[in-house]
Amino acid sequence: MQCVLLAAGYATRLYPLTENMPKALLKLGDKTILEMVTDKIDEVSDVENIYIVTNEKFYKQFEKWCESYKGPKKVKVINDHTTSNDNRLGAIGDLKYVIDTENINDEILVMASDNIFDFSLCDFVDMYRSKNADMICAHTIENKEDLHSMGVVELDGDGKVTSFEEKPKQPKSDLGVPPFYLYKRDTLPLIDTYLKEGNNPDAPGHFIPWLIGKNDVYAYVFDAVRIDIGTQESYYDACERPVSYTHLRAHETDSYLVCRLLLEKKKTTKKKKENSR
């Protein structure tokens, strides 16, 4: 099994924190987000290699991070040679780029590099083995408004995906789908077919509703902390939340202090606007 970590975005919603640093290398306590993710991957004995796909802007920073990686896996950084949001390949485009450049002909674990989580990837892989089918993850989303900005899935009694919609206006369930996927070797050619048909290459979840028309896809439903760090607010939340994988108080980091100041400024500006009405 190979693992592909998607890290080619430009994280403009987190500016200025990520103006000169990739989001995955922001720190939470004494660890980077990326280190927390690879710690989880290191627990999966099936995974042989980790491929981190990024862009021209952040390639060297990820290369430098690799020098400090002490885990048991082989890690390689792949430069997709894009330079901005205007010419980015998109998550599915990047996945195809890694498969082609590294000649991957194996089952793959595909993950975002900016989600921290407290469930075991080993359990995810175990269900994948038992079902012998492509897999996604899902969990109950408490804030129903969040369902409008993510993939939402319906399952049958056996955990098989019966419907999947990316960013629905009217969600059909409260099960959100975070960016964790397991694809069989035989599914890899379908990624090429999907893209050649002109389908959306951006969010990785766009592939799933197309795929369930071709293959059986199952969902591993977990009940654990999972934070998608995509905004200043979510990074602040991750710093504040007392989860098991934070080793130091995250508010000791410089990036947390900057983020807190930015959010306070936003709050003050909003209040001034409301008072001026």
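Structure shown above.
Throughout this description, residue numbers start from 1 for each chain and increase along the sequence as written. For a predicted model such as this one, the threshold for reporting local features is a pLDDT of at least 70, and the threshold for listing and counting side-chain atom pairs is 80 or more; totals across whole chains, interfaces and linings nevertheless cover every residue. By convention in this description, side-chain values take in all heavy atoms of the structure and omit both hydrogens and water.

**Thoughts on the packing of helix 3 (residues 91-101) against helix 5 (residues 188-196)**
The condition is simple: Fitted lines through C-alpha atoms give the axes, limited to the stretch in contact for helices. The angle between two N-to-C directions lies from 0 to 180 degrees. Numbering of helices and strands runs from the N terminus; a helix is a DSSP stretch of H or I covering at least four residues, while a strand is a stretch of E covering at least two. Angular relationships are summarised with four words: roughly parallel below 35 degrees, roughly antiparallel beyond 145, roughly perpendicular across 65 to 115, and oblique for the angles in between. Crossings are assigned a handedness: left-handed for a near helix turned anticlockwise from the far helix by less than a right angle, right-handed for a clockwise turn. Any pair of residues with heavy atoms lying within 4.5 Å of one another is described as a contacting pair.
Interhelical geometry of helix 3 versus helix 5 gives an angle of 130 degrees and a closest axis separation of 10 Å. The orientation of helix 3 relative to helix 5 falls into the category oblique. Crossing of helix 3 against helix 5: the hand is left-handed. Taking contact as the criterion, the partners of Ile92, Gly93, Leu95, Lys96 and Ile99 in helix 3 are, on helix 5, Leu188, Ile191, Asp192, Tyr194 and Leu195.

**Considering the environment of Ser149**
What counts, and what does not: We call two N or O atoms a polar contact when they sit within 3.5 Å, provided that within protein one can donate a hydrogen and the other can accept it, with sequence-adjacent residues counted only if both atoms are side-chain atoms.
Tracing the backbone through its elements, the reader meets Ser149 in the loop between strand 8 (134-140) and strand 9 (151-155). Expressed as a C-alpha distance, the spacing of Ser149 and Pro168, which sit 19 residues apart in the sequence, is 7.5 Å. In terms of polar contacts, Ser149 uses its side chain to reach the backbone carbonyl oxygen of Asp146, at 3.0 Å.

**Thoughts on the pattern of salt bridges**
Heads up, the rule is: What makes a salt bridge here is a side-chain nitrogen of Lys or Arg within 4 Å of a carboxyl oxygen of Asp or Glu, nothing more. Per-residue accessibility, obtained with a 1.4 Å probe over protein chains only, is compared with the maximum for each type, and a residue is labelled buried under 20%, exposed over 50%, and partly exposed between these values.
If you walk through the whole model with that rule in mind, you get 14 salt bridges. Here Asp216 makes a salt bridge to Lys160, at a shortest N to O gap of 3.0 Å. Taken together, the residues Asp216 in the loop between helix 6 (207-211) and strand 13 (217-221) and Lys160 in the loop between strand 9 and strand 10 (161-166) connect sequence positions 56 residues apart. A salt bridge links Asp192 to Lys196; the shortest N-O distance between them is 3.1 Å. With a gap of four residues between them, Asp192 and Lys196 both fall in helix 5, about one helical turn apart. For Asp192, a relative accessible area of 23% gives the class partly exposed. The class for Lys196 is exposed, based on a relative accessible area of 67%. One network of salt bridges, in which partners are shared, links Lys96, Asp100, Asp192 and Lys196.

**Some remarks on helix 3**
Most of helix 3 sits out of view: eight of its eleven residues are buried. Considered for burial, the residues of helix 3 that qualify are Ala91, Ile92, Gly93, Asp94, Leu95, Lys96, Val98 and Ile99. Of the residues trailing helix 3, Asn103 is marked for its positive phi of about 50 degrees.

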